[in-house]
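Here are the chains, one letter per residue:
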Amino acid sequence: MRALRYSINVTLDGCCDHRVVIADEELHRHAAENLSRADAILFGKVTYEMMEAAWRPVAQAHARPDWMADWMEPFARTIDAARKYVVSSTLEQVDWNAELVRGEHLESTVRQLKQQPGKGLFVGGVKLPLALAELGLIDEYEFIVHPRLVGHGPTLFAGLSKFVDLKLVSRQEFGSGAVVLRYVQKAS
């Protein structure tokens, strides 16, 4: 059975806007390693479109744009090559090594994907992980907590209907001061 791992960057005041975190070389290397430990990535529509717009052209052009540091290339190549499942009720089609999953089939599809052999599944974003947490489908939660206060949202798991009790299984500190906290669900 494959584990479903969730990873998200968050500031000390709870903001998970990707534009406000410390996106340095160490963070990108960590993200690429996370993705390489999975057989596939689950995306919601917004995260899929954002990641595709940012990383697909970079990886497929085989030329680094001016804005991109050379240490970003491994992440671009890793996410470009990854198998993707996109959960959406509004998209008509997807490509970029992706398959469309309708929202009404989320639980059955994810349970089926988890039953397959392999290294694991990966999910990021905000709305899709909320739905997956509600269904009890996330096996590992990783919060990369950045030493920054930004004073705005979005925040994680807003509207969660029940507690999810977690057990800390690892902790790692980056040079930037960001701390990677990895949790699993506590046994009932």
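Residues numbered from 1 in each chain as written. Predicted model: local features only at pLDDT ≥ 70, side-chain atom pairs only at ≥ 80, totals over all residues. Heavy atoms only, no water.

1. Side note on the overall build of the protein chain
Looking only at helices and strands, the protein chain features five helices and eight strands. Secondary structure elements of the protein chain, listed N to C terminal, follow the sequence β-α-β-α-α-β-β-α-β-α-β-β-β. Expressed along its principal axes, the backbone C-alpha trace of the protein chain runs to roughly 50 × 40 × 30 Å. When the 188 residues of the protein chain are sorted by exposure, 44% land in the buried category. (Helix = DSSP H or I, 4+ residues; strand = E, 2+ residues; numbered from the N terminus. Buried < 20%, exposed > 50% of the residue type's maximum accessible area, 1.4 Å probe, protein only.)

2. Side note on the sheet that holds strand β8 (residues 179-185)
Pairing within the open sheet is mixed, and its eight strands lie in the order β4-β3-β2-β5-β1-β6-β8-β7. The two strands at the open ends of the sheet, each matched to only one other strand, are β4 (98-101) and β7 (166-173). Strand after strand, the sheet turns through a mean of 25° between neighbouring axes, direction not considered. Here five bridges tie strand β2 (residues 40-44) to strand β3 (residues 83-87), and the two strands are oriented parallel to one another. By the bridge assignment, Gly44 is partnered in β3 with Val87. (Pairing = 2+ DSSP bridges. Axes fitted to C-alpha atoms, helices over the stretch in contact; angles between N-to-C directions.)

3. Details of the nonpolar core
Counting 27 residues, the largest nonpolar core has Leu4, Tyr6, Leu42, Leu132, Tyr141 and Phe143 as its most contacted members. At the level of secondary structure, the elements contributing two or more residues to this core comprise β1 (4-11), β2, β3, α4 (106-115), β5 (121-123), α5 (127-134), β6 (140-146) and β8. No other element matches the four residues that β1 contributes to this core. With sequence-adjacent residues up to four places away left out, Tyr6 is seen in contact with Val123, Gly124, Gly125, Pro129, Ile138, Glu140, Tyr141, Glu142, Phe143, Leu156 and Phe157. Of all hydrophobic cores here, the second largest spans 22 residues; its members include Ala38, Ile41, Ala76 and Ala82. (Core = buried A, V, L, I, M, F, W, Y, C linked by side-chain atoms within 4.5 Å. Contact = heavy atoms within 4.5 Å.)

4. Quick word on empty space enclosed by the protein
Gaps left between atoms are located by rolling a probe of water-molecule size over the structure's atoms. On inspection of all chains with the given rule, the structure shows one cavity of 30 Å³ or more. Lining of the largest cavity is provided by Arg5, Tyr6, Ser7, Asn34, Arg37, Phe122, Glu140, Tyr141, Glu142 and Arg182. Elements with a contribution of two residues or more to the lining of the largest cavity: β1 and β6. Residue composition of the lining of the largest cavity, by class: three nonpolar, two polar and five charged. (1 Å grid on protein atoms, 1.4 Å probe; cavity = no way out; pocket = protein on both sides within 12 Å on 5 of 7 lines; lining within 4 Å. Points joined across faces, edges and corners; volume = space filled by probe spheres on them. Nonpolar A, V, L, I, M, F, W, Y, C, P; charged D, E, K, R; others polar.)

5. Section: the packing of aromatic side chains
Inspection of every chain in the model, using the stated rule, returns nine aromatic pairs. For the pair Tyr6 and Phe157, a centre-to-centre distance of 5.7 Å together with 75° between the ring planes defines the contact as edge-to-face. A residue pair is termed long-range when its members are at least 10 positions apart, and Tyr6 in strand β1 and Phe157 in the loop between β6 and β7 qualify at 151 residues. For Tyr6, a relative accessible area of 1% gives the class buried. Here Phe157 falls in the buried class, since its relative accessible area comes to 18%. In textbook terms, an aromatic cluster arises when at least three aromatic residues are bridged by ring pairs, as seen for Tyr6, Tyr141, Phe143, Phe157 and Tyr183. Over the ring of Trp96 we find Lys84, and its NZ or CZ is 4.0 Å from the ring centre. (Phe/Tyr/Trp six-rings, centres within 6.5 Å; stacked < 30°, edge-to-face > 60°. Lys NZ or Arg CZ within 6 Å of the ring centre and 35° of its normal.)

6. Considering the side chain of His30
Tracing the backbone shows His30 in helix α1 (residues 25-36). A distance of 3.1 Å separates the side chain of His30 from the side chain of Glu142, its partner in a polar contact. Non-local contacts of His30, meaning those with residues more than four positions away in its chain, are made with Glu142, Ile144, Gln172, Phe174 and Val180. (Polar contact = N/O pair within 3.5 Å; in protein donor to acceptor, adjacent residues only side chain to side chain.)

7. So, α5
Turning to α5, its buried residues number three or more, namely Leu128, Pro129, Leu132 and Ala133. The buried residues of α5 occupy an angular sector of 135° when the element is viewed end-on, so they sit on one face. Where α5 is buried, its residues touch β1, β2, β3, α4, β5 and β6. A positive backbone phi angle near 70° is found at Gly136, which sits one or two residues after α5. (Arc of directions from axis to C-beta.)

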